[in-house]
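Observations on the model geometry
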Amino acid sequence: MSAPRRALVLDDLAASRRWLRAALEQAYPGIIVLEADCLAAAESMLVPPPDLALIDLGLPDGSGVQMIEKLSASGATLCVVATIFDDDAHLFPALRAGAQGYVLKDMPPAELVDMLRGIADGQPPLSSSIARRLLRHFGPTLVSAAAPDVEAEKLTQREKSVLQLIGKGLTVVQAASALDLSRHTCAGYVKDIYRKLRVSSRAEAALAATRMGLVGREAR
């Protein structure tokens, strides 16, 4: 997607809303940020639908999953969970409802900003611990069914190096620093990797890295 111009922050805690707003405004200067502390308040802010929604799961009048389902049905809003919950009971219902990202509130602000910027480059944000959880859940089946040699042939050596770091949970900025690249150059490599491997998320990229032998079992 292009850089979001209008975002919704749905969280019942004022401190969390301020933190998420600050990250959005740093990632996308000039973005319009709407804030809601419950599902009912958010309902009045959906016309026109926001480009991006950061949604907490535990709300006073229901679950954030309900808002994710509603926004995902229209296809106009990219929904990202922002929560303290990192367990399967919260993660998988949110993903099934249509969430395209899942970040934890304990991450450093700079890392969150970097992940939000990645949205414009087609990289839905995903905390590294969540990526590892998805990898543990789906990895054994997908790894055994894969054709790693075919996938590996699609990538250049530099792209493999970038994929290896992304597969280990590094952000684009962290991978760029490790490889002595600019953020924009590294983001370009990531976009090419996603295109060549036909993946659309950090979790899928991590699975591909594992299939290709770039990330070992100990990294999962």
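Since we're looking at a predicted model, the values are computed, not measured. (Residues numbered from 1 in each chain as written. Predicted model: local features only at pLDDT ≥ 70, side-chain atom pairs only at ≥ 80, totals over all residues. Heavy atoms only, no water.)

Re the overall build of the chain
In plain terms, the rule: Numbering of helices and strands runs from the N terminus; a helix is a DSSP stretch of H or I covering at least four residues, while a strand is a stretch of E covering at least two. Buried means the residue's accessible area, taken with a 1.4 Å probe over protein chains only, is under 20% of the maximum for its type, while exposed means over 50%, and partly exposed covers the values in between. The contact definition used throughout considers only heavy atoms, calling two residues in contact when any of these lie within 4.5 Å.
Across its full length, the chain holds 11 helices and seven strands. The proportion of buried residues among the 220 residues of the chain is 50%. If you take every contact in the chain between residues at least 6 apart in sequence, the share linking residues at least 24 apart comes to 68%.

Looking at the packing of helix α1 (residues 14-27) against helix α5 (residues 109-118)
Angle between the axes and distance between the axes are the two parameters that describe a pair of packed helices. The line we're drawing: Between the N-to-C directions of two axes lies an angle of 0 to 180 degrees, each axis being a line fitted to C-alpha atoms and, for a helix, fitted only over the stretch in contact. Roughly parallel refers to an angle under 35 degrees, roughly antiparallel to one over 145, roughly perpendicular to one between 65 and 115, and oblique to any angle outside these ranges. Here is the rule for handedness: rotate from the far helix to the near one, and if that takes an anticlockwise turn smaller than a right angle the crossing is left-handed, while a clockwise turn gives right-handed. Ten residues, namely Ala, Val, Leu, Ile, Met, Phe, Trp, Tyr, Cys and Pro, are considered nonpolar, four, namely Asp, Glu, Lys and Arg, are considered charged, and the remaining ones, Gly among them, are considered polar.
Relative orientation of the contacting elements α1 and α5 amounts to 55°, with a least axis distance of 9 Å. Here α1 is positioned oblique relative to α5, judged by the angle of their axes. Of the two elements, α1 crosses α5, and the hand of that crossing is right-handed. From α1, W19, L20, A23, L24, Q26 and A27 reach across to α5, where they touch P109, L112, V113, L116 and R117. Looking at side-chain class alone, the contact of α1 with α5 contains nine nonpolar, one polar and one charged residues.

A word on the confidence of the model for the chain
To keep it simple, the criterion reads: On a scale of 0 to 100, pLDDT captures the predictor's confidence in every residue.
Overall, the prediction assigns the chain a mean pLDDT of 84, with 89% of residues at 70 or greater. Scored below 50 in pLDDT, residues 141-148 shows seven contacts in the model against residues more than four places distant or in partner chains.

Let's talk about α1
This is how the line gets drawn: To estimate how far a helix should reach, multiply one less than its number of residues by 1.5 Å. For this quantity, the arc is that covered by the directions from the helix axis to the C-beta atoms.
Its 14 residues give α1 an end-to-end C-alpha distance of 20 Å, which sits within 8% of 20 Å, the value for a rise of 1.5 Å per residue. Among the residues of α1, S16, R17, W19, L20, A23, L24 and A27 are the ones counted as buried. The buried residues of α1 occupy one face: seen down the axis, they fall within an arc of 165°. Looking at the buried positions of α1, the neighbouring elements they touch are β1 (6-10), β2 (32-36), β3 (52-55), β6 (78-83), β7 (101-104) and α5.

Focus: empty space enclosed by the protein
Gaps between atoms show up when a probe of the same size as a water molecule is rolled over them. We apply this condition: Only protein atoms enter the 1 Å grid, on which a cavity is a set of points fitting a 1.4 Å probe that cannot get out and a pocket is an open set with protein on both sides within 12 Å along at least 5 of 7 lines, lining residues being those with an atom within 4 Å of a point. Grid points are joined across faces, edges and corners, and a volume is the space filled by probe spheres set on the points.
Scanning all chains against the criterion turns up one cavity of 30 Å³ or more. Forming the walls of the largest cavity are D114, M115, G118, D121, Q123, T171, V172, R183, A187 and R202. The element that contributes the greatest number of residues to the lining of the largest cavity is α5, accounting for three residues. Residues of the lining of the largest cavity, tallied by class, amount to three nonpolar, three polar and four charged.

Quick notes on the pattern of salt bridges
As a working rule, side chains carrying opposite charge can pair if their charged atoms are close by. Here is the rule: The term salt bridge refers to a side-chain nitrogen of Lys or Arg lying within 4 Å of a carboxyl oxygen of Asp or Glu.
Applying the stated rule across the entire model yields eight salt bridges. E43 serves as the salt-bridge partner of K70, at 3.7 Å between the closest nitrogen and oxygen. Within this pair, whereas K70 is found in helix α3 (residues 64-74), its partner E43 is found in helix α2 (residues 39-43), the two being separated by 27 residues in sequence. You can call K70 partly exposed: its relative accessible area is 44%. Assessed through its relative accessible area of 41%, E43 is described here as partly exposed. Taking the shortest distance from any N to any O, the salt bridge between D192 and R195 comes out at 3.6 Å.

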